[in-house]
Amino acid sequence: MRVIKKIGGQILVFLTFLVLSTMLWGWLFTLKTDTVPAHKITVYIDASAVRETALAAKLEENLPENIRMVKAHAFSYAFFDDQALSGADIFIVPESRAAGWRDSFAPVADPPEGAMLLENGAAGILVYSAVSGQGSAASYITYLNEDGKPENFYLFFGARSAHYAANDNAVDNAAAELAAVFLDLE
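I will try to describe carefully the structure that is included in this document. (Residues numbered from 1 in each chain as written. Predicted model: local features only at pLDDT ≥ 70, side-chain atom pairs only at ≥ 80, totals over all residues. Heavy atoms only, no water.)

**Regarding the pairing of strand S9 (residues 153-157)**
Judged by how many residues are buried, S9 sits mostly within the fold: five of five residues are covered. Here S9 shows two buried faces, one formed by Phe153, Leu155 and Phe157 and the other by Tyr154 and Phe156. Where strand S4 (residues 90-94) meets S9, five bridges bridge the pair, whose relative direction is antiparallel. Bridging across to S9, Pro94 finds its partner in Phe153. (Buried < 20%, exposed > 50% of the residue type's maximum accessible area, 1.4 Å probe, protein only. Helix = DSSP H or I, 4+ residues; strand = E, 2+ residues; numbered from the N terminus. Pairing = 2+ DSSP bridges.)

Here it is, written out as structure tokens:
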């Protein structure tokens, strides 16, 4: 009984140590596996399933100059953090949801032929055709909308991306270079 009282008296210390230890190891893990936005391209994909790690690893095989890593995430990754989502470099979204995100997309001065044009001047490049069932990086992305149905998906550049030359804050055009790599993936 005395042993139980001693353990019970120390439980708060143990729990505090456990929480602090978990936070420290999480922070150290983040330091090791992440980098500053100036050396990273972030891709957000609004599809039913995304093999995030495999896609990021494949895109990292052809990194643009000064880029150290690619982070690929499903939109659900930023569920509680709209700031992370709005700062993305590349977006892959279904046609039906593109207009709702138009403020996050960069305007394009000279849109490519066949691009999806939005009222703010953003232009999306077709990456998956629901008619043909063919798309870029289809072995990494399940191109189904939220209803589980095939739909056209488009690639847009982020309005706040530092890696898209058309933006005022751009330091390079690495997002466009990586988008070209993405478009060639099977």
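**Some remarks on the side chain of Thr42**
With respect to the secondary-structure elements, Thr42 resides in strand S1 (residues 40-45). Setting aside chain neighbours within four positions, we find Thr42 in contact with Lys71, His73, Ala88, Asp89 and Ile90. (Contact = heavy atoms within 4.5 Å.)

**Focus: the packing of aromatic side chains**
Two descriptors summarise a pair of aromatic rings, namely the distance from one centre to the other and the angle between the planes of the rings. In total, this model carries nine aromatic pairs according to the counting rule given. Taken together, a centroid distance of 6.3 Å and an interplanar angle of 65 degrees make the contact between Phe75 and Phe91 edge-to-face. Residue Phe75 is located in the loop between strand S3 (69-74) and helix H3 (82-86), and its partner Phe91 is located in strand S4; the two are separated by 16 residues in the primary sequence. Ring plane angle 5 degrees and centroid distance 4.1 Å describe the contact between Phe105 and Phe156, whose orientation is recorded as stacked. Highlighted residues: Phe105 in the loop between helix H4 (95-98) and strand S5 (116-117) and Phe156 in strand S9, separated in sequence by 51 residues. Taken as a pair, Phe105 and Phe156 share a single burial class, namely buried. The structure contains a cluster of three or more aromatic residues connected by ring pairs, namely Tyr44, Phe75, Phe91, Trp101, Phe105 and Phe156. (Phe/Tyr/Trp six-rings, centres within 6.5 Å; stacked < 30°, edge-to-face > 60°.)

**Here's the deal with the pattern of salt bridges**
The full count for this structure, using the stated rule, is four salt bridges. Across the pair Arg97 and Asp46 runs a salt bridge whose closest N-O atoms are separated by 2.6 Å. Of the two residues, Arg97 sits in helix H4 while Asp46 sits in the loop between S1 and strand S2 (49-50), which places them 51 residues apart along the sequence. For Arg97, a relative accessible area of 28% translates into the label partly exposed. Overlapping salt bridges bring together Asp46, Arg97 and Glu146 as one network. (Salt bridge = Lys/Arg side-chain N within 4 Å of Asp/Glu carboxyl O.)

**Things to note about the nonpolar core**
Core analysis: the biggest nonpolar cluster contains 35 residues, and Leu55, Ile90, Ile92, Ile141 and Phe182 have the highest contact counts within it. Broken down by element, this core gets its largest block of residues, six residues, from helix H5 (residues 174-184). Excluding anything up to four places from it in sequence, Ile90 contacts Ile41, Thr42, Val43, Tyr44, Leu155, Phe156, Phe157, Gly158, Ala175, Leu178 and Ala179. Leu85, Leu118, Tyr154 and Phe156 belong to the second largest nonpolar core, which has 13 residues in total. (Core = buried A, V, L, I, M, F, W, Y, C linked by side-chain atoms within 4.5 Å.)

**What about the pairing of strand S6 (residues 123-129)?**
Remember that side chains alternate between the two faces of the sheet whenever the strand is regular. The buried count for S6 comes to five of seven residues, which makes it a mostly enclosed element. Where S5 meets S6, two bridges bridge the pair, whose relative direction is antiparallel. Residue pairing in the sheet places Met116 in a bridge with Gly124 of S6. Turn length for the S5-S6 hairpin, with the two strands adjacent in sequence and antiparallel, is five residues, and the turn residue Gly121 shows positive phi of about 95 degrees. Both S6 and S9 contribute to a ladder of three bridges, which runs antiparallel. Residue pairing in the sheet places Leu126 in a bridge with Tyr154 of S9. Of the strand pairs in this sheet, S6 and strand S7 (residues 134-135) are connected by two bridges, and their pairing is antiparallel. Counted as the bridge partner of Ser129 is Gln134 from S7.

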